[in-house]
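Letter by letter, the chains look like this.
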Amino acid sequence: MHQCTSTNDIVESSARTGAPHGFVSICETQSAGRGRLDRSWTSPVGGVWLSILLRPPGRQSFLDSLPLLGALAISKTVSAQLRLKARVRWPNDVVVDDRKIAGVLAEAKSMGNELAYAILGLGINANFNIDEIRETTNAATLQSLHGAPIDRVALICAVLFETENLYELLCTGKVEKIISLVREFECSRGRNVKVKLPSRELLGTVDDYETLGRVCILTPHESHSIDTSTVLSVEYQSN
Ligand code: BTN
């Protein structure tokens, strides 16, 4: 599709009319792309803006696992295809040298305690000039890091393939396997962070991933088990 409001919107309306698990929407540009916590997400022509419909087995913890899973799929793909050191940065970013190259947004439709479906939205800064997303601080595009425009079709195919493999692991209960891959491809552990939560702020160090949706933060006298879905923002301090 050339343009849409948000690929998550396309997947949502398709899900309501019966689109199957695995349905994917890809747009060249989004007029109302959104990020975590309803922030706007600028989506110029040349990026990779896509969303995947997941009709999952149905628990909230499943939804909470998706941002890290999506970020891992992108990190693995970019590292392998473009030989860039792409890393997952908790809670939902992919960075190269601490510059954001991608973000992940997971949304869901609930029916009582069950999830009817989930939507995994992936946004990758691929082939455009970084000035087009000036409001995002410290971001980069793959084109600038790679030194030439990248093959978006090859990237999309590989990201979808990785996502499918990781999703399969999630659905078959192999969460520990995914967490060990996250540990291999992440750059947050050991870093000093300021984590904003609805009722407090923590200044501490990222310790480890307890689950895909829960991270342990160490402050000078305590350890805090933080549910990622409650996090309003994470600021990384230079260690
Ligand atoms: C973030 O970093 O806050 C998440 C950004 C997610 C952006 C992607 S682009 C494809 C999909 N459609 C959207 O509107 N958002 C996600």
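Figured I'd write up the structure that's included with this text. (Residues numbered from 1 in each chain as written. Predicted model: local features only at pLDDT ≥ 70, side-chain atom pairs only at ≥ 80, totals over all residues. Heavy atoms only, no water.)

1. Notes on the packing of helix α4 (residues 152-171) against helix α5 (residues 175-185)
To describe two helices that pack against each other, one gives the angle between their axes and the distance between the axes.
Reasoning step 1: Look at α4 against α5: their axes get within 7 Å of each other, and the N-to-C directions meet at 135°. In terms of their interaxial angle, α4 and α5 are classed as oblique. Taking contact as the criterion, the partners of Leu166, Leu169 and Leu170 in α4 are, on α5, Val175, Lys177, Ile178 and Leu181.
Reasoning step 2: Partitioning the contact of α4 with α5 into residue classes produces six nonpolar, no polar and one charged. (Axes fitted to C-alpha atoms, helices over the stretch in contact; angles between N-to-C directions. Helix = DSSP H or I, 4+ residues; strand = E, 2+ residues; numbered from the N terminus. Parallel < 35°, antiparallel > 145°, perpendicular 65-115°, else oblique. Contact = heavy atoms within 4.5 Å. Nonpolar A, V, L, I, M, F, W, Y, C, P; charged D, E, K, R; others polar.)

2. A look at the sheet that holds strand β10 (residues 201-211)
Backbone-to-backbone hydrogen bonds join strands into a sheet, with any given pair of strands oriented parallel or antiparallel.
Reasoning step 1: If you trace the five strands from one edge of the open sheet to the other, you get β12-β11-β10-β9-β13, paired in antiparallel fashion. A strand with exactly one partner marks an edge of an open sheet, and here the two such strands are β12 (222-227) and β13 (233-236). On average, each strand axis in the sheet is inclined to that of its neighbour by 45°, with strand direction left out of account.
Reasoning step 2: For strand β11 (residues 214-219) and β12, the ladder comprises six bridges, and the chain directions are antiparallel. Residue Leu218 lies in a different strand from β12, and its bridge partner there is Ser223. (Pairing = 2+ DSSP bridges.)

3. Let's talk about the nonpolar core
Reasoning step 1: Ile74, Val78, Trp90, Leu142, Ile178 and Ile217 are the most contacted members of the largest nonpolar core, which totals 58 residues.
Reasoning step 2: When residues in this core are grouped by element, the largest group, eleven residues, is from helix α2 (residues 60-82).
Reasoning step 3: Apart from the residues lying within four places of it in its own chain, the contact partners of Ile217 are Trp90, Val193, Val195, Leu202, Gly204, Thr205, Val206, Glu222, Ser223, His224 and Ile226.
Reasoning step 4: Val11, Ala15, Leu53 and Ile119 belong to the second-largest nonpolar core, a separate cluster that totals six residues. (Core = buried A, V, L, I, M, F, W, Y, C linked by side-chain atoms within 4.5 Å. Buried < 20%, exposed > 50% of the residue type's maximum accessible area, 1.4 Å probe, protein only.)

4. Some details on the environment of Pro149
Reasoning step 1: Here Pro149 shows up in the loop between α3 (142-146) and α4.
Reasoning step 2: The class for Pro149 is exposed, based on a relative accessible area of 60%.
Reasoning step 3: A sequence separation of 21 residues divides Pro149 from Phe128, and the C-alpha atoms of the two residues are 8.4 Å apart.

5. A few points about helix α1 (residues 7-16)
Reasoning step 1: Listed as buried for α1 are Thr7, Asn8, Val11, Ser14 and Ala15. Down the axis of α1, the smallest arc covering the buried residues is 130°, so these residues share one side.
Reasoning step 2: Its buried side turned inward, α1 meets β1 (3-4), β2 (24-27), β3 (29-30), β4 (48-54), β7 (99-111) and β8 (114-124).
Reasoning step 3: Sitting at the head of α1, Ser6 places a side-chain oxygen 3.1 Å from the backbone nitrogen of Asn8.
Reasoning step 4: A positive backbone phi angle near 95° is found at Gly18, which sits one or two residues after α1. (Arc of directions from axis to C-beta. Polar contact = N/O pair within 3.5 Å; in protein donor to acceptor, adjacent residues only side chain to side chain.)

6. What about the site of the ligand?
Reasoning step 1: For the ligand, the set of nearby residues contains 20 residues, the closest of which are Ser6, Gln30, Arg34, Arg36 and Lys100.
Reasoning step 2: Here a nitrogen atom of the ligand and a backbone polar atom of Arg34 are 2.7 Å apart.
Reasoning step 3: Alone, the ligand offers 420 Å² of accessible surface; in the complex the protein occludes 97% of this.
Reasoning step 4: Listing elements by their share of the shell around the ligand, those giving two or more residues are α1, β4, β7 and β8.
Reasoning step 5: Top contributing element to the shell around the ligand by residue count: β7, with four residues. (Near = heavy atom within 4 Å. Areas by Shrake-Rupley, 256 points an atom, 1.4 Å probe, with all protein chains shown as cover.)

7. Quick notes on the packing of α2 against α4
Reasoning step 1: Viewed as axis vectors pointing N to C, α2 and α4 meet at an angle of 140°, and their least axial separation amounts to 8 Å. What the angle tells us is that α2 and α4 run oblique. Seen along the crossing, α2 lies across α4 with a hand that is right-handed. Two secondary-structure elements touch here, α2 through Phe62, Ser65, Leu66, Leu69, Leu72, Ala73, Ile74, Lys76, Thr77, Val78 and Gln81 and α4 through Ala154, Leu155, Ala158, Val159, Glu162, Thr163, Leu166, Tyr167, Leu170 and Cys171.
Reasoning step 2: Looking at the contact of α2 with α4 residue by residue, the classes come out as 15 nonpolar, four polar and two charged. (Left-handed = near helix turned anticlockwise from the far one by under 90°.)

8. Notes on the side chain of Ser65
Reasoning step 1: Following the sequence through the fold, Ser65 ends up in helix α2.
Reasoning step 2: Judged by relative accessible area, Ser65 falls into the buried class, the value being 9%.
Reasoning step 3: When neighbours within four sequence positions are excluded, Ser65 is seen to be in contact with Leu170 and Leu212.

9. Considerations on the pattern of salt bridges
Reasoning step 1: Tallied over the full model, the rule gives twelve salt bridges.
Reasoning step 2: One salt bridge connects Lys100 with Asp93, and the closest N-O pair in it is separated by 2.7 Å.
Reasoning step 3: The exposure class of Lys100 is buried, given its relative accessible area of 15%.
Reasoning step 4: The class of Asp93 is buried, set by a relative accessible area of 10%. (Salt bridge = Lys/Arg side-chain N within 4 Å of Asp/Glu carboxyl O.)

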